[in-house]
Amino acid sequence: MRVIVTENNQGIGEIVGGMLVKTVQDKPDATLGLATGSSPEVVYDYMIRAYQRGEVDFSRVHTVNLDEYLGLTPDHPQSYRYFMDTHLFNHINIPMDNTYVAEGIGYPENCVKRFREVLKHTHVDIQLLGIGEDGHIAFNEPGEVLRCGAHVEWLAESTIAANARFFECEEEVPRMAISMGMGDIMRADRIVLIASGPKKVDAIRGLIMTEDIDVHNPSTMLKLHRDVTVVIDRGLAELVGYTEE
Ligand code: GLP
């Protein structure tokens, strides 16, 4: 696992946005695995700027997203489909049909079935990940058992509380989500996980400061993958006690 420390959050956008743009420059029909949450915003801003400068063409790119809340329509401002459209897809030349965000409406088992079908035919070149305060990736919450394939997940109380900042109140946060499983994430050729801010200290400490694989911090399973880059800002690196060699 490679760890990169940037001066600040903006630096995360430049490094990781640069990695995603380079992936597309090298392979114009690449498939990008994308993430939501506030962390990836700087990455998407960078990608949009690179597109506006004419440095990258997304017309043959495909994308698949990690997860979606159950119960939110695609036009709900807090749905992950809406987030992706407004933070990235509407600003670059990717055909909307090339983008997949799992459906959050309808029978959950049907949503899972369709997501699994899409994933079966998808080979992700590079997967972008954020991380939850409890170490979740996508919506794979800590627990005795982690799931391999796409599935419905009950959100942890701490995740509901953390994500409440995007909603009017905590009661409005959906309690369930549809999520890629750990195996889906691990199948990507390359993985890049980003984090900043003091709330991610425990999760990132478990990921980069120990050799343990811990079901109570699902991100630690990434230690089994051949090509993972963790990009954090200096403030977080100092809080977890990480020093660059
Ligand atoms: C949500 C998403 C995760 C994301 C996490 C952290 O729970 N399902 O994919 O990593 O939020 O988000 P933020 O970057 O806003 O801290």
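Note that residues are indexed from 1 along each chain, following the sequence as it is written. Residue-level local features of this predicted model are given only where pLDDT is at least 70; pairs of side-chain atoms are given and counted only at 80 or more, and the full residue set underlies all totals for whole chains, interfaces and linings. Calculation of side-chain values draws on the structure's entire complement of heavy atoms; hydrogens and water are dropped beforehand.

Colleague: Could you clarify how one ought to interpret the overall build of the chain in this entry?
Modeller: Secondary structure elements follow DSSP: runs of H or I of four or more residues count as helices, runs of E of two or more count as strands, with numbering from the N terminus. Counting its regular elements, the chain contains eight helices and 10 strands. With C-alpha atoms as the basis for the radius of gyration, the globule rule is written as 2.2 Å multiplied by the number of residues raised to the power 0.38. Whereas a compact globule of 245 residues would reach a radius of gyration of roughly 18 Å, the chain reaches 17 Å, a difference of no more than 12%. Its C-alpha atoms put the chain at 45 × 45 × 35 Å along the principal axes. Exposure is judged per residue with a 1.4 Å probe applied to protein chains only, and the accessible area is read against the type maximum: over 50% gives exposed, under 20% gives buried, and values in between give partly exposed. A buried classification covers 54% of the 245 residues belonging to the chain. Here, residues are in contact when the closest pair of their heavy atoms is within 4.5 Å. At a minimum sequence separation of 6, the contacts of the chain that also span at least 24 residues come to 77%. Accessible surface computed for the chain: about 11,300 Å², of which carbon and sulfur atoms make up 49%. Counted charges follow a simple rule, with Lys and Arg positive, Asp and Glu negative, and His plus the chain ends left uncounted. The atoms used to mark charge sites are NZ of Lys, CZ of Arg, CG of Asp and CD of Glu. Of note, the chain has its 22 positive side-chain charges centred 5 Å away from the centre of its 38 negative side-chain charges. Accessible surface is estimated by sampling points in the Shrake-Rupley manner with a 1.4 Å probe; for residues, cover comes only from the protein chains shown.

Colleague: Looking at this model, I keep getting lost on the packing of helix H1 (residues 9-26) against helix H2 (residues 41-52). Mind explaining?
Modeller: How two helices pack is summed up by the angle between their axes together with the distance between the axes. Direction vectors running N to C along H1 and H2 enclose 55°, while the axes themselves pass 7 Å from each other. The pairing of H1 with H2 is recorded here as oblique in orientation. Of the two possible hands of crossing, H1 and H2 adopt the one that is right-handed. Together, Asn9, Gln10, Ile12, Gly13, Glu14, Val16, Gly17, Gly18, Leu20 and Val21 of H1 and Val42, Val43, Tyr46, Met47, Arg49 and Ala50 of H2 make up the contact between the two elements. Residues that form the contact of H1 with H2 fall into these classes: nine nonpolar, five polar and two charged. Each axis is a line fitted through C-alpha atoms, taken for helices only over the stretch in contact, and angles between the N-to-C directions span 0 to 180 degrees. Roughly parallel means an angle under 35 degrees; roughly antiparallel means over 145; roughly perpendicular covers 65 to 115; every other angle is labelled oblique. Crossing chirality is assigned from the near helix's rotation relative to the far helix, an anticlockwise turn below a right angle marking it left-handed and a clockwise turn marking it right-handed. Gly is put with the polar residues, along with every residue not named as nonpolar or charged; the nonpolar set is Ala, Val, Leu, Ile, Met, Phe, Trp, Tyr, Cys and Pro, and the charged set is Asp, Glu, Lys and Arg.

Colleague: Can you walk me through the pairing of strand S6 (residues 126-129) in this structure?
Modeller: Within a regular strand, the side chains alternate between the two sheet faces. Side chains Ile126 and Leu128 of S6 all project onto a buried face; the interleaved residues Gln127 and Leu129 project onto the opposite face, where all are buried too. In this sheet, S6 lies alongside strand S2 (residues 31-34) in parallel orientation, the contact comprising two bridges. In the sheet register, Leu32 faces S6, and the bridge partner there is Ile126. Two strands form a pair only when DSSP identifies at least two bridges running between them. Two elements, S6 and strand S9 (residues 190-195), share four bridges in a ladder whose sense is parallel.

Colleague: What is the right way to look at the sheet that holds strand S8 (residues 176-179) in this model?
Modeller: The strands that make up a sheet are held in pairs by hydrogen bonds between backbone atoms, and each pair lies either parallel or antiparallel. Spatially, S4-S8-S7 is the arrangement adopted by the three strands of the open sheet, whose pairing is antiparallel. One side of each edge strand has no neighbouring strand; the edge strands of this open sheet are strand S4 (67-69) and strand S7 (151-154). Across this sheet, the average inter-strand angle for adjacent strands is 30°, counted without regard to direction. Contacting S7 and S8, helix H4 (residues 108-120) runs over the sheet at an angle of about 20° to S8.

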